[in-house]
Structures are given as C-alpha cells and as structure tokens.
Amino acid sequence: VEHVSRYPAKYDVKFEADGVCVEMHWRLFANARLMPVDPAWLRRPRHLSAHGARVPALPLSAQWVYTLVHGLKHLWLRMQWLADVTALALRHPQLVRRDALEAVGRGYARSVATGLLVAETALGPFLPRGSREWAAGIGGTGVLVRRSLDTLARGPARLGPRRAAGEVVGRMALRSDIHYRPDEAR
C-alpha cells in the first residue's frame, strides 16, 4: 500500500468489508492548525477492540476535543455529533469536570464551550453546574451557538455574496490563534 501522506488532498482513507467501515486518518483536519496531531498520541495510543482486533485510537482526551472541534467546524450539522458529546460526557464524567475544562488548551476552549452549550440546548442538561458556568463564561460563543442551532434547525445556509462576510467572521471566531486564521480563510 502506498503511503497516504504522498497525496496531500487525501487526509483520510476508508476501508469497508463485511459491513464494517474504518476511517484511517493521517491528520485530523485538512487544515492541520485546527488540531495538530500530538506525537505523544502516536507513541501511547489508546487501544480499542473492534471485532476482536486491537485497534489504536486517539487518547480519550484528544478524542473528546476532536469531537468538539469537528462538530463546531461543521456548526453541529448532524445531531449524532451532539449525541456523541453527551454520550462521552455521561460515560466519562471526568471530561466535563470544571478543572478538566479549564485545562483544555486556550485554542480549543471556544470549540469545547460551544459544543457543550449547543448539546445542552438541543438535548437537555447533562453538565455539572460549574462546567455549565465555565462554558457560558467563554467569550465569543454566542454567535457560534446561534449559528449552530440555526444549522441544526434549517440545515447549512447557502453562501451568497451577502453572506460571505458573515461566513468569514464565523470561521475566524472558531480560533483566536493568529497562525490559524490565514490557513482557514483560504
């Protein structure tokens, strides 16, 4: 098999057999600045069992952040992503303890807070009070929560000339990292 990274436009490969589909990623997003792969994740992966085989996966904390960043990137277009947020939070309550949320990297706080607020609005309360207060206190989430709920209710908006500036502002609100902005604007 040829090395996937030789194809810069191809950042995931799907393998399907016997009704099982496995997506292999060599980077998490086309824009690597959105969530860079930490080499420690590759040295010490979490292992899951899939049909009797041990499969390396992201560490739980990285999977949690990835779920929230990915969902926000698409403005929570799919309800199943919000269900994943709630399921992970309920199954692994350590992920949503206030101290764990405060330890989330500064560049991810807005994505994490928005995902939590949208999930609670759509699916009902599941967060401890302190965690909900943390999410509500993260600046810049208001427009992202509104846009996400609108996307859930109506589907993705068509982008015309009048909406282009708002779309750029929304994308720029995803991360405050100055290095991320030029890559995402392309």
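Residues numbered from 1 in each chain as written. Predicted model: local features only at pLDDT ≥ 70, side-chain atom pairs only at ≥ 80, totals over all residues. Heavy atoms only, no water.

Novice: Would you mind showing me how to read the side chain of Thr-86 here?
Specialist: Note that Thr-86 resides in helix α3 (residues 79-91). In this structure Thr-86 touches Ala-119, Leu-123 and Phe-126, once residues within four positions along its chain are discounted. (Helix = DSSP H or I, 4+ residues; strand = E, 2+ residues; numbered from the N terminus. Contact = heavy atoms within 4.5 Å.)

Novice: Looking at this structure, I do not really get unusual backbone geometry. What am I missing?
Specialist: With glycine set apart, most residues show a phi of negative sign, and most peptide bonds adopt trans. Positive phi outside glycine occurs at Leu-75, with the angle close to 50 degrees. You can see Leu-75 is positioned in the loop between α2 (60-73) and α3.

Novice: Teacher, can you tell me more about a nonpolar patch on the surface here?
Specialist: A cluster of nonpolar side chains, Phe-15, Val-22 and Met-24, forms an exposed patch at the surface whose accessible area comes to about 280 Å². Note on Val-22: relative accessible area 35%, which makes it partly exposed. (Patch = residues over 30% accessible without salt bridge, like charges linked within 9 Å, V, L, I, M, F, W, Y side chains within 5 Å. Areas by Shrake-Rupley, 256 points an atom, 1.4 Å probe, with all protein chains shown as cover. Salt bridge = Lys/Arg side-chain N within 4 Å of Asp/Glu carboxyl O. Buried < 20%, exposed > 50% of the residue type's maximum accessible area, 1.4 Å probe, protein only.)

Novice: Explain the confidence of the model for the protein chain here, please?
Specialist: Of all residues in the protein chain, 75% have pLDDT values of 70 or greater, and the mean over the chain is 80. Looking over the protein chain, one finds the lowest element-wise mean pLDDT in helix α9 (residues 180-185), namely 51, and the highest in helix α6 (residues 129-136), namely 96. (pLDDT = per-residue confidence, 0-100.)

Novice: Just checking my understanding: could you explain the packing of α2 against helix α5 (residues 109-123) for this structure?
Specialist: Packed helices, taken two at a time, are described by their axes: the angle between them and the distance between them. α5 packs onto α2 with a crossing angle of 80 degrees between their chain directions and a minimal axis gap of 8 Å. Relative to α5, the element α2 is oriented roughly perpendicular. Only Arg-110, Ser-111, Val-112, Thr-114, Gly-115 and Leu-116 of α5 make contact with α2, whose side of the interface consists of Trp-64, Leu-68, Val-69 and Leu-72. Grouping the constituent residues of the contact of α2 with α5 by class yields six nonpolar, three polar and one charged. (Axes fitted to C-alpha atoms, helices over the stretch in contact; angles between N-to-C directions. Parallel < 35°, antiparallel > 145°, perpendicular 65-115°, else oblique. Nonpolar A, V, L, I, M, F, W, Y, C, P; charged D, E, K, R; others polar.)

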